[in-house]
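# Coordinate inspection notes
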Amino acid sequence: MSIIINNTDIAITAVSPSGYPADDLPEVAFVGKSNVGKSSLINAMLGRKRLARTSRQPGKTRTINFFHVERKLYFVDLPGYGYAKVSKSESAKWGEMVESYLKDRPQLRRIFLLLDIRHEPGNNDKMLYDWFMHYNLPFTLIATKSDKLARAQVPRQCAAIRRALSAPELPMPFSSETRQNRDALWSLILDNCGIDVL
Ligand code: GTP
Ligand code: MG
């Protein structure tokens with residue numbers, strides 16, 4: 001199976017709940033540290049180069065962006081956390097904006113917490129992980145940029161991430177460059193959204 005997406009666009013850009021889409025389509029959200037590869041993963045999944053804006057500079061995505069996919073679901077690109085250059089008040093705003101989306105959104109079917117495969121999870125990652133566990137939110141760990149490691153290192157680093165978080169499951173390695181696990185991630189997303197075929 002290799003899914004081809006024909007119909008997608010940025011449906012909505014929001015900074016608060018009044019701006020979220022008003023329909024009832026299922027949503028999947030991508031969250032993680034700035035620069036971890038959220039927007040790139042969305043582009044790779046949707047087969048588009050620059051639909052979600054990406055950058056080498058962290059802090060590119062500053063709003064909640066909903067991408068309408070085949071009129072059946074939304075991919076939700078969230079701004080990253082842990083970007084050193086933002087002020088305290090801006091990072092508080094991040095918390096408010098992202099947490100209220102993640103916690104109070106009935107349409108949200110699964111959250112993908114992205115972690116760079118090359119690094120141990122940081123404090124912000126751990127806090128978010130614990131927060132998901134505490135609120136019993138449905139989430140899956142993704143280890144991004146797997147192309148940056150030699151193949152033999154990939155399972156080792158996934159195990160290290162799991163250990164650091166005391167997670168019950170290994171993260172799924174993913175690469176926006178090689179598209180490793182694109183199909184597996186699509187299956188998971190469609191499953192969680194109760195969609196048989198796109
Ligand atoms: P913010 O919007 O700032 O929170 O960042 P983001 O998580 O959306 O990251 P983004 O997708 O903009 O990617 C950040 C940088 O990492 C860019 O230079 C990407 O080209 C690079 N990158 C993202 N994913 C991958 C990947 O799978 N492999 C490699 N080699 N580079 C990647
Ligand atoms: Mg981004």
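Here the structure is shown first, and the text comes after it.
Now for a quick tour of the structure. (Residues numbered from 1 in each chain as written. Chains lettered and ligands numbered in written order. Predicted model: local features only at pLDDT ≥ 70, side-chain atom pairs only at ≥ 80, totals over all residues. Heavy atoms only, no water.)

## A word on the pairing of strand S3 (residues 64-69)
This is how the line gets drawn: Three exposure classes are used, based on accessible area relative to the maximum for each residue type with a 1.4 Å probe and protein chains only: buried under 20%, partly exposed in between, and exposed over 50%. By the criteria applied, helices consist of DSSP H or I runs no shorter than four residues and strands consist of E runs no shorter than two, each listed in order from the N terminus. A strand pair is defined by DSSP finding two or more bridges across the two strands.
Within S3, six of the six residues are buried, which leaves it mostly tucked inside the rest of the structure. The side-chain alternation of S3 yields two buried faces, one formed by Ile64, Phe66 and His68 and the other by Asn65, Phe67 and Val69. Relative to S3, strand S1 (residues 8-14) runs antiparallel, the two sharing six bridges. The partner of Thr8 across the bridge, within S3, is Val69. Alignment of S3 against strand S4 (residues 73-77), held across five bridges, turns out to be antiparallel. Among the inter-strand pairings, Phe66 is bridged to a residue of S4, identified as Val76. Following S3, the chain reverses through three residues before pairing antiparallel with S4; Glu70 in that reversal takes a positive phi of roughly 45°.

## What to know about the site of ligand 1
Here is the rule: For this description, a residue counts as near a given molecule or strand if any of its non-hydrogen atoms is within 4 Å of it. Within 3.5 Å is the distance limit for a polar contact, defined as a pair of N or O atoms, with the added protein rule that one can donate a hydrogen and the other accept it, and that residues adjacent in sequence qualify only through two side-chain atoms. Values of accessible area rely on a 1.4 Å probe in the Shrake-Rupley scheme; residue burial ignores everything except the protein chains shown. Points on a 1 Å grid, built from protein atoms alone, make a cavity when a 1.4 Å probe fits but cannot get out and make a pocket when they are open with protein on both sides within 12 Å along at least 5 of 7 lines; residues with an atom within 4 Å of a point are the lining residues. Molecules are considered to sit inside a cavity or pocket once more than half of their atoms lie within 2 Å of its grid points.
Neighbouring ligand 1 are 22 residues; Lys38, Ser40, Gly59, Thr61 and Asp147 lie closest to it. In the model, an oxygen atom of ligand 1 is placed 2.9 Å from a nitrogen or oxygen of the Asn35 main chain. The separation between an oxygen atom of ligand 1 and a polar main-chain atom of Val36 is 3.3 Å. The fraction of the free accessible surface of ligand 1 (650 Å²) that becomes covered by protein chains is 88%. Cavity membership is defined here by more than half of the atoms lying within 2 Å of grid points; on that basis ligand 1 lies in the largest pocket.

## So, unusual backbone geometry
One non-glycine residue, Arg71, adopts positive backbone phi at about 55°. If you trace the backbone, Arg71 turns up in the loop between S3 and S4. Although it is not a glycine, Asn181 adopts a positive phi angle of roughly 70°. Looking at the secondary structure, you find Asn181 in the loop between strand S7 (172-173) and helix H5 (182-193).

## Looking at the packing of aromatic side chains
Aromatic rings considered in pairs are described by the distance between their centres and by the relative angle of their planes. Quick reminder of the rule: Only rings of Phe, Tyr and Trp enter the pairing, Trp through its six-membered ring, and a pair is recorded when the two centres are within 6.5 Å. The plane angle decides the type: under 30 degrees is stacked, over 60 is edge-to-face, the rest tilted.
If you walk through the whole model with that rule in mind, you get eleven aromatic pairs. For the pair Phe30 and Phe75, a centre-to-centre distance of 5.3 Å together with 45° between the ring planes defines the contact as tilted. Pair noted here: Phe30 is in strand S2 (residues 27-32) and Phe75 is in strand S4, with a separation of 45 residues, a long-range link. You'll find Phe30 and Phe75 in the same group, each marked buried. Measuring from centroid to centroid gives 5.9 Å for Phe66 and Tyr101, while their planes differ by 75°, and the two rings are edge-to-face. A residue pair is termed long-range when its members are at least 10 positions apart, and Phe66 in strand S3 and Tyr101 in helix H2 (residues 88-103) qualify at 35 residues. Note on accessibility: Phe66 and Tyr101 belong to one class, buried. Taken together, Tyr129, Trp131, Phe132, Tyr135 and Phe139 form an aromatic cluster joined through their ring pairs.

## Looking at the side chain of Arg110
For clarity, the threshold we go by: A positive count includes Lys and Arg, and a negative count includes Asp and Glu. His and the chain ends are not counted in either. The term salt bridge refers to a side-chain nitrogen of Lys or Arg lying within 4 Å of a carboxyl oxygen of Asp or Glu. For this analysis, residues touch if any pair of their heavy atoms sits within 4.5 Å.
Tracing the backbone shows Arg110 in strand S5 (residues 108-116). Of the side chains with opposite charge, Glu169 comes closest to the buried, unpaired Arg110, at an N-O distance of 6.8 Å. Of the polar contacts made by the side chain of Arg110, one reaches the backbone oxygen of Phe139; its length is 3.0 Å. Among all residues touching Arg110, those that are not within four sequence positions of it are Glu27, Val28, Ala29, Pro138, Phe139, Thr140 and Asn192.

## Notes on the environment of Leu185
Mapped onto the elements of the fold, Leu185 is located in helix H5. You can call Leu185 buried: its relative accessible area is 0%. Along the sequence, Leu185 and Thr61 sit 124 residues apart, while their C-alpha atoms lie 22 Å from each other. Apart from residues no more than four positions distant in its own chain, Leu185 is found in contact with Leu41, Met45, Phe112, Ile142, Met172 and Phe174.

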